[in-house]
Structure formats: C-alpha cells, structure tokens
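# Inside the fold
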Amino acid sequence: MHCSVSSVFRPLSSDPATAIATLCSKGNLREAFQRFRLNIFTNTSLFTPFIQSCTTSQSLPSGKQLHGLLVVSGFSSDKFICNHLMSMYSKIGDFPSAVALYGRMPKKNYMSSNILIYGYVRAGDLPSARKVFDEMPDRKLTTWNAMIAGLIHSEYNEEGLSLFREMHGLGFCPDEYTLGSVFSGSAGLRSVSIGQQIHGYTIKYGLELDLVVNSSLAHMYMRNGKLQDGEIVIRSMPVRNLVAWNTLIMGNAQNGCPETVLYLYKIMKISGCRPNKITFVTVLSSCSDLAIRGQGQQIHAEAIKIGASSVVAVVSSLISMYSKCGCLEDAAKAFSERIDEDEVMWSSMISAYGFHGHGDEAIKLFNTMVEQTEMEINEVAFLNLLYACSHSGLRDKGLELFDMMVEKYGFKPGLKHYTCVVDLLGRAGSLDQAEAKIRSMPIKPDTIIWKTLLSACNIHKNTEMAQRVFQEILQIDPNDSACYVLLANVHASAKRWRDVSEVRKSMRDKNVKKEAGISWFEHKGEVHRFKMGDRSQPKSKEIYSYLKELTLEMKLKGYKPDTASVLHDMDEEEKESDLVQHSEKLAVAYALMILPEGVPIRIIKNLRVCSDCHVAFRYISVIKNREITLRDGSRFHHFRNGKCSCADYW
C-alpha cells in the first residue's frame, strides 16, 4: 500500500501571487524568491508579501536586506513599494528610516503622507505630524482621522475638535473612527454640550448603532458625570462587545460606584464576554475602594487563568488592591513576582509601604529603584515617599527628601507635596513651622492642607491655632463638616464645653451635617456594615452584650476610656456608653463573634479612628490573641500583642 506524492504534499497554487503569499506567510521568503524570481521582477506588487512577512516577524535585518535588493533592482522609486517599506519601518520600530525614505521619494501620494503622520503620532511628535498634514495637497478622510486622533490622544482636545470642525466645514463626512476620537476629546474637555452636539452627527450619518461610536459616546457622557445617559446608550446597543462592557464598568468606577462595578463584572462574565487587562484593572480598583479582599483574590485568580496577571497595569492594581485590603505581604509578593515593570508599579509598592507605616521599607525600595533600575523618577514617587515618612514619624528624612526632590531632581512641588510636609511637621509637633510653610508656599492652599494642620492642632491641643486655621477653612468652604468636628474636638479636649456648643450651634444654623462614621468587614463574600449606635443588625442585642463583657475585660487589664473625645458635656458613665457605640467597636465585636478563632480581623472605616478606639483595639488584640488591622480614612493600623504599627493613633 502506498500514497501518491500529491496526496501527501499539496502543490502550490499556479497563481504566482497566491503561491508567494502562502510561502511568505509561513516565513519561507528564500524559497518564494528562488521559485518566482522571474515573476517578481516583472510585477513589483509581488514584493508586497515579502515586505509584510518582515513586518509580521519584526525582522529589521530581513527588511533592510529586502530594501537593498529593491534599490539594486531599480524599484526603489516605485511609490507603491515605497509606501509598503515606510509602513514596515514604522511598524518594526525604525521610524527614522521611514522618514528618510519619504524624503527620497520622487513621487508621493496621500498614503505616503498618512503613513508618516501615523508614525509621528505614535512617536508623540505632533508638530512634525502637523507639518506633514499641512503640506498635503490632497487629504483623505483617513488623513483627517489620523491627525485628529493623534491630537486628542495626546490630550490636545481643543485642537483636535477644532480640526474636526475644519474637516466638516470642507465637506468631509465623519465615520465611526472620527466620531470615536471627537467623543474622547469632548470627554477630555469635560464638555457635555460639545459631546451632545456631536451626538447629533451619529444620527445624521446613520452611525447610531455602531459599536465603536456608541462606546465612545457612552464614555463621553459618563466622564462628564452623566452616568445614567451613558448607561442608556449602552443599553440601546443591539450587541455589547468587550469595549462596551469596559466602558460601562469604567464609567461606574469613575463615578464612585464600586459595588455596581463588581455587579456589572459578574453580569459581563455570565453574558459570555471575556474580560481583558482593562477590565481587571478597573474591577481590582473597585475591590481596593471597598477593601474586599475575598473578591479581589477571586478576580486575581481569574486574571491568572486567562494569562493577564503578569500585565504591568494589572500587577500595579493587584499591589494597590492587596495593600488597601490590609494584606501588605500579598502586595509585596505580587511585586516580587513581576515579569515586566514600570514606574507606576514601583510607585504603587512604595505607596503600599507608606500606607502601612513602613517608611524605612519605602525609602529602601526607592533607593533600589534609583540605583539598580533605569526607571524614571517622577513627582509621584516623591509624593509616596513623603507620605510614607509622615506616617512613620520620619520627620527629618521626609524634609530631606523634599529638598532632594526640588534641588537635585528639579521638580516643582505640588499642593499634595506641601500637604505631606505640613503633615510631617504637624505630627512632630512643629505646628508653627507647619503653619509658616502653608503661608509661604507659592500655591494657593486648599481645605485639605488646612485640615491637615487642624488635625495636628487637635492632637497637640493647640486651641488658639485651631481657631485661626478653622477660619481659613471657612473662607474656602463654609460647609466643610470635618473642620467643625475637628475644632469641636479641640475644645472638648480642653473641656471648653461652651465653645463646643457654639460650634455645634453653628453647624445647625448653617445646616452642616457631620459625615456618619461607617465601619465594615468582609466574611465569606458578605460585607457587614455598622454605623455609630447601630441597632439594625439582626444580632444587635448579642453584639452589645458581647461588647459590654469585652469592655469589662479590657478595664481589668488597665484600659481607661478616653472620654475627652466625647463632644458632649455629660457624666463619665454616659460618655463611656457613647464610646462603646462607635462603629469600629461594633464591627470588631461582631467579627470576634463570627470569625474562627485565630483568624486575623480586617476592619475598614470611612473616617479617622478616634483615640479611644485606637487604645481599645490594642487591648482587644492582647485579650483575644488576635491580629487586627484597621484601615481608617488616613492609614492602616496593625494591632498585635497590644502594640500598633504606628507610633500613635493618627
């Protein structure tokens, strides 16, 4: 029994173009050239598969060798061939050769200029791209699209939209790519009115059902805070592709709806749409916002499953997620297992150390970044460093780094940098120096930097400065509830109850509402939330009973309730009762009741923890032999064996 040769080896097509394309697609350039040499030199279009093969394989040496053959053969002046060569050089990464070739071309067409414009745009050289564009005698829609997209991608939104108006005025009809770019420009300008005008074009030109256009339109609305309008656009789409789902998920994330983000992610998977790195970055960020470690770990596993866990942006999001969920070791593990890296990833890890009060580790990592990598040091890295120093009591080192940022690296400090410096000085008790820094800085202060100083006044009980700082905040935002509470705390600590009453009366008169304290923790995929004095829980009676017994145990160990933090003039027993009802105490009590013995407890609170709860958690960690992590509105506090990772409660 035997097989014929024809049954084993399929013969190449008798059509030279098809046969050459088949061989080149498999990387057999030499065989294609040897077998069809005569055909190639009589029909220059047959060189196209060879050039495309070099582009696909990213082989610059082969591409240059092929270019040399074309020059020797006398085909280097053919604009069709030259355009393909320019495209090849641009895509392989040797754009200067594409520019040089364009300069030598005796005859050019609009495609020649388009390739050069695309190349300049990718390289970020917009002036050169615009020069080529302006010199073109004949522009096609693709030319306008390339230039408009380049400007808007580089955040020259006004220029991009101006060019769109010019294009439209010359009679060009926009396509889906044009509209996708200009919607992004409208989103970048935060101009819903311009976006709505462009929305009219989608209907005029029959593109209202186009997936690209609708995704860009929805993004425009959501970026401008019109979440509902964006969702209406997405729901009107006959089919939702990955871009549409990502637009919807990202829009909810940008508008502060992390729980909706996770719900949409679940529905997206049920619909059969596979997430990508953009999806993972967004949903992991939402897990960070909610500090829900369990769901974050599940999403991490899903990223590993589809091969996205090593993507730089995803790794940075994992570091941030684990850090904000109180799992610094997991964040460090994600960083240490990286394959690729960038400045954002290193800054994320420095920030994680700072957020957990490990200032020395943050500085050590920064030094490694400077000495052992080629990473570019930027203002964000210094901001994270300053934050780390302020939360680790490293006053002198922080001030030294601030000076280094300005003098050695030449960076201009921003408001956030100055806020960190004020925090450094305030925590160290250098209140006069902190106030002088605010009043002398070349930037107009905001409420955040003044409240940072006001917090320091509260801790160091400087009522005179607190009153002065309070007035500064009122001039910027008279309805900032936090500054009223901080000032009342200062007066309460000094037992100046009349002043406390005046602050509270001022709040009532101005209808300023104090933000409610909320604490929560996650267990078996369920989030348990508690408010101050919360009795809405099904087991409220048991929780308060447990807390009562726990408080007695703490007192036997030496705990004394810090009643000075209670903003009411009442007897000590009533003040102690008030302290017991704090949301973080309710949360930790319920966590102790339902979590298995020995399992670490992770509590999250939206506001800064009070001094009494901070002391109480130290006692609880000893009595119950539990590791307790509390993430408040400022930082992480790690309680273990009666000690906290931070020097003091703030």
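Residues numbered from 1 in each chain as written. Predicted model: local features only at pLDDT ≥ 70, side-chain atom pairs only at ≥ 80, totals over all residues. Heavy atoms only, no water.

### So, the overall build of the chain
Scanning the chain from N- to C-terminus turns up 36 helices and 6 strands. Dimensions of the chain, computed from the C-alpha atoms along their principal axes, are close to 105 × 70 × 55 Å. In the chain, buried positions account for 47% of the 650 residues. Within the chain, counting contacts between residues at least 6 apart in sequence, those at least 24 apart form 61% of the total. For the chain, the accessible area works out to roughly 32,200 Å², and carbon and sulfur atoms hold 51% of it. In the chain, 76 side chains carry a positive charge and 70 a negative one; their mean positions are 3 Å apart. (Helix = DSSP H or I, 4+ residues; strand = E, 2+ residues; numbered from the N terminus. Buried < 20%, exposed > 50% of the residue type's maximum accessible area, 1.4 Å probe, protein only. Contact = heavy atoms within 4.5 Å. Areas by Shrake-Rupley, 256 points an atom, 1.4 Å probe, with all protein chains shown as cover. Lys, Arg positive; Asp, Glu negative; His and termini not counted. Charge placed at Lys NZ, Arg CZ, Asp CG, Glu CD.)

### So, the pairing of strand S5 (residues 636–640)
Within S5, 4 of the 5 residues are buried, which leaves the element mostly enclosed by the surrounding structure. Pairing analysis gives 4 bridges linking strand S4 (residues 628–631) to S5, with the strands arranged antiparallel. Within the sheet, the bridge partner assigned to Leu630 lies in S5 and is His637. Hairpin remark: S4 followed by S5, antiparallel, with 4 residues in the connecting loop. Pairing of S5 with strand S6 (residues 643–644), which is carried by 2 bridges, proceeds in the antiparallel orientation. Bridge assignment links Arg640 to a residue of S6, and that residue is Lys643. Between the antiparallel neighbours S5 and S6 lie 2 residues, among them Asn641 with a positive phi of about 55 degrees. (Pairing = 2+ DSSP bridges.)

### Quick word on the side chain of Asn246
Relative to the helices and strands, Asn246 is located in helix H17 (residues 242–254). When neighbours within four sequence positions are excluded, Asn246 is seen to be in contact with Asn276, Ile278 and Thr279.

### Points about the domain arrangement of the chain
Parsing the chain into structural domains produces domain 1 (17–138), domain 2 (341–412), domain 3 (448–510) and domain 4 (518–644). Computed over C-alpha atoms only, the centres of domain 3 and domain 4 are separated by 26 Å. (Domains from an automatic or database assignment.)

### Some remarks on the state of the cysteines
For the structure shown, the criterion picks out 0 disulfides. A disulfide-free cysteine, Cys420 has its sulfur positioned 9.2 Å from the sulfur of Cys389, the nearest such atom. Left unpaired, Cys483 is separated from the closest cysteine sulfur, that of Cys457, by 12 Å. On the accessibility criterion, Cys483 (0% relative accessible area) is buried. (Disulfide = S-S within 2.5 Å.)

### Observations regarding the nonpolar core
Within the largest apolar cluster, 151 residues are counted, with the highest numbers of intra-cluster contacts made by Ile117, Ile319, Met349 and Leu453. Excluding its chain neighbours within four sequence positions, the residues that come into contact with Ile319 are Ala331, Ala334, Phe335, Met345, Ser348, Met349 and Ala352. Grouped together as the second largest cluster of nonpolar side chains are 29 residues, Phe530, Val580, Val588 and Tyr590 included. (Core = buried A, V, L, I, M, F, W, Y, C linked by side-chain atoms within 4.5 Å.)

### Some thoughts on helix H16 (residues 227–236)
Those residues of H16 that sit buried are Leu227, Gly230, Glu231, Val233 and Ile234. Summarising the axial view, the buried residues of H16 lie within an arc of 155 degrees, below the 170-degree limit, and thus occupy one face. Among the exposed residues of H16, those oriented more than 90 degrees off its buried face are Gln228 and Arg235. Buried residues along H16 sit against helix H15 (211–223) and H17. (Arc of directions from axis to C-beta.)

### Observations regarding the UniProt feature "repeat: PPR" (unreviewed entry) in the chain
The sites that carry the UniProt feature "repeat: PPR" (unreviewed entry) are, in the present numbering, residues 78–112, 140–174, 241–275 and 342–372. Helix makes up 74% of residues 241–275 and strand makes up 0%, while its end C-alpha atoms are separated by 10 Å. Within residues 342–372, the helical portion is 87% and the strand portion 0%, while the C-alpha atoms at the span's ends are 13 Å from each other. (UniProt positions renumbered as here; feature names shortened; annotations may be inferred.)

### As for the sheet that holds strand S1 (residues 518–523)
Either a parallel or an antiparallel arrangement is found when strands of a sheet pair, and the pairing is made through backbone hydrogen bonds. Ordered by their spatial adjacency, 6 strands build an open sheet running S2-S1-S3-S4-S5-S6, and the pairing between neighbours is mixed. Strand pairing shows two members of the sheet lacking a second neighbour, strand S2 (526–531) and S6, which therefore form its edges.

### Looking at the layout of surface pockets
If you add up the space inside the second largest pocket, you get close to 630 Å³. Contributing to the lining of the second largest pocket are 26 residues, with His153, Gly180, Ser184, His219 and Arg223 lying nearest its centre. Here the lining of the second largest pocket gets 7 residues from one element, more than from any other, and that element is H17. (1 Å grid on protein atoms, 1.4 Å probe; cavity = no way out; pocket = protein on both sides within 12 Å on 5 of 7 lines; lining within 4 Å. Points joined across faces, edges and corners; volume = space filled by probe spheres on them.)

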